Amino acid sequence: MQNKTIIVTGAAAGIGLATSLRFARAGTRVLGLDRNPAIVDICREIPNFTGISCDLTDSAKISATLNNLGADNIDGLINNAGINPYPSSLPDTSETVWLKILETNLTGTYRITKAVLERMNRGGTIINISSILALSGARKNAAYAATKGALVSLTRAMARDHGPAIRVNCVCPGAVQTDMFEEYLNRCDDREQERDRIRRSLPLQRLGKPEDIAEAVFFLSSDSASWITGQVLVIDGGDSA
Ligand SMILES: NC(=O)c1ccc[n+]([C@@H]2O[C@H](COP(=O)([O-])OP(=O)(O)OC[C@H]3O[C@@H](n4cnc5c(N)ncnc54)[C@H](O)[C@@H]3O)[C@@H](O)[C@H]2O)c1
């Protein structure tokens, strides 16, 4: 991945940050987008990593960002930004919340992917960060699970539309210790008991680290995965085994 250019969305924290650092360490030029303006400072001292404040709900900002960066010749796009505020069953999900989750997780992915595709080199790769909740049922996560399922379907559809020039794959993480996971724990009666319950339920007996996902994303983006497209890789400590 040396001397290549990739875009990572949601690069200021968690899986997006770990993934950005993994590529930057390998000599990839990383353009990290995040709605959190702190992204600019977070990567200021890190070689090969440029942070840009950009919210995926803002089409005009996405176009302006790519134009300002002169971001042509993109080799990779990691669609990582995602939200899961107010997890709830469908009847308990207001239309406002439903649309808000779709706006970032699905329409945001559509917007940035469409803009980047015009600038992507032959041999480029797209990785969509979905979730284990796309594949296995989980209570009180209707809107989030729906968006993550859509990313799996989008991956397969795009792999057929854009091969052989561009490979498109999907990663489905299980429980990974990030701000999003901590927010989930905060909603539980006893957060440490719940953390331990999840950990002990996994065949590998530990929660995921953002770096566990970053390694897989790096592999799928590299030439080592040159015959892999349209696939869904579950990384969940064996939860779905
Ligand atoms: N942590 C987990 O257990 C887990 C499990 C399965 C899937 N995922 C998925 O992995 C991805 C990363 O999750 P995480 O746990 O690192 O989350 P996180 O909340 O720690 O980080 C997400 C980042 O995305 C940014 N972001 C959110 N909305 C944005 C928008 N509209 N525009 C630009 N940036 C935006 C946030 O500012 C934040 O920096 C998400 O798509 C999430 O759904 C996480």
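On a predicted model such as this, the values are computed, not experimentally measured, just so you know.

### Some points on the overall build of the chain
For the chain, the helix and strand inventory stands at eight helices and seven strands. Relative to the globule expectation of 18 Å for 241 residues, the C-alpha radius of gyration of the chain, 17 Å, shows essentially globular dimensions. A buried classification covers 47% of the 241 residues belonging to the chain. Approximately 11,800 Å² of the chain is accessible, and the part contributed by carbon and sulfur atoms is 50%. Looking at charge distribution, the chain has the averaged site of its 26 positive side-chain charges lying 4 Å from that of its 26 negative ones.

### What about the site of the ligand?
Near the ligand you find 27 residues, and of these Asp34, Asn80, Tyr144, Lys148 and Thr178 are the closest. Thr104 is positioned such that a nitrogen or oxygen atom in its side chain is 3.1 Å from a nitrogen atom of the ligand. Interatomic distance of 2.6 Å between a side-chain N/O atom of Tyr144 and an oxygen atom of the ligand. In the complex, the protein chains occlude 93% of the 830 Å² of accessible area that the ligand would expose alone.

### Things to note about the domain arrangement of the chain
The domain boundaries assigned to the chain delineate domain 1 (5-173 + 209-229) and domain 2 (175-207). On a C-alpha basis, the centroid separation for the pair domain 1 and domain 2 is 23 Å. Contacts between the two partners involve 13 residues from domain 1 and, on the opposite side, eight residues from domain 2. Buried area between domain 1 and domain 2, summed over both chains or domains, comes out near 720 Å², and the portion from carbon and sulfur atoms is 62%. Put simply, Arg206 and Asp212 hold a salt bridge, and the shortest N to O gap is 2.8 Å. The tally of links from domain 1 across to domain 2 stands at one residue pair in polar contact (both at pLDDT 80 or more). Mapped by element, the contributors of at least two residues to the side of domain 1 that touches domain 2 are α1 (14-25) and α8 (210-221). Per-element accounting of the side of domain 1 that touches domain 2 gives the leading share, three residues, to α8.

### A short note on the packing of aromatic side chains
The relation between two aromatic rings is expressed through the spacing of the ring centres and the mutual angle of the planes. Using the criterion set out here, one finds two aromatic pairs in the structure. Ring geometry for Phe181 and Tyr184: centres 6.2 Å apart, planes at 35°, overall tilted. Of this pair, Phe181 and Tyr184 both sit in helix α6 (residues 179-186), three residues apart, roughly one helical turn. Relative accessible area serves as the criterion here: at 9%, Phe181 is assigned to the buried category. In this structure, Arg22 is placed above the aromatic ring of Phe218, and the distance from its NZ or CZ to the ring centre is 4.0 Å.

How each quantity is defined
Residues numbered from 1 in each chain as written. Predicted model: local features only at pLDDT ≥ 70, side-chain atom pairs only at ≥ 80, totals over all residues. Heavy atoms only, no water. Helix = DSSP H or I, 4+ residues; strand = E, 2+ residues; numbered from the N terminus. Rg over C-alpha atoms; globule rule 2.2 N^0.38 Å. Buried < 20%, exposed > 50% of the residue type's maximum accessible area, 1.4 Å probe, protein only. Areas by Shrake-Rupley, 256 points an atom, 1.4 Å probe, with all protein chains shown as cover. Lys, Arg positive; Asp, Glu negative; His and termini not counted. Charge placed at Lys NZ, Arg CZ, Asp CG, Glu CD. Near = heavy atom within 4 Å. Polar contact = N/O pair within 3.5 Å; in protein donor to acceptor, adjacent residues only side chain to side chain. Domains from an automatic or database assignment. Contact = heavy atoms within 4.5 Å. Buried area = accessible area lost by both parts, 1.4 Å probe. Salt bridge = Lys/Arg side-chain N within 4 Å of Asp/Glu carboxyl O. Phe/Tyr/Trp six-rings, centres within 6.5 Å; stacked < 30°, edge-to-face > 60°. Lys NZ or Arg CZ within 6 Å of the ring centre and 35° of its normal.

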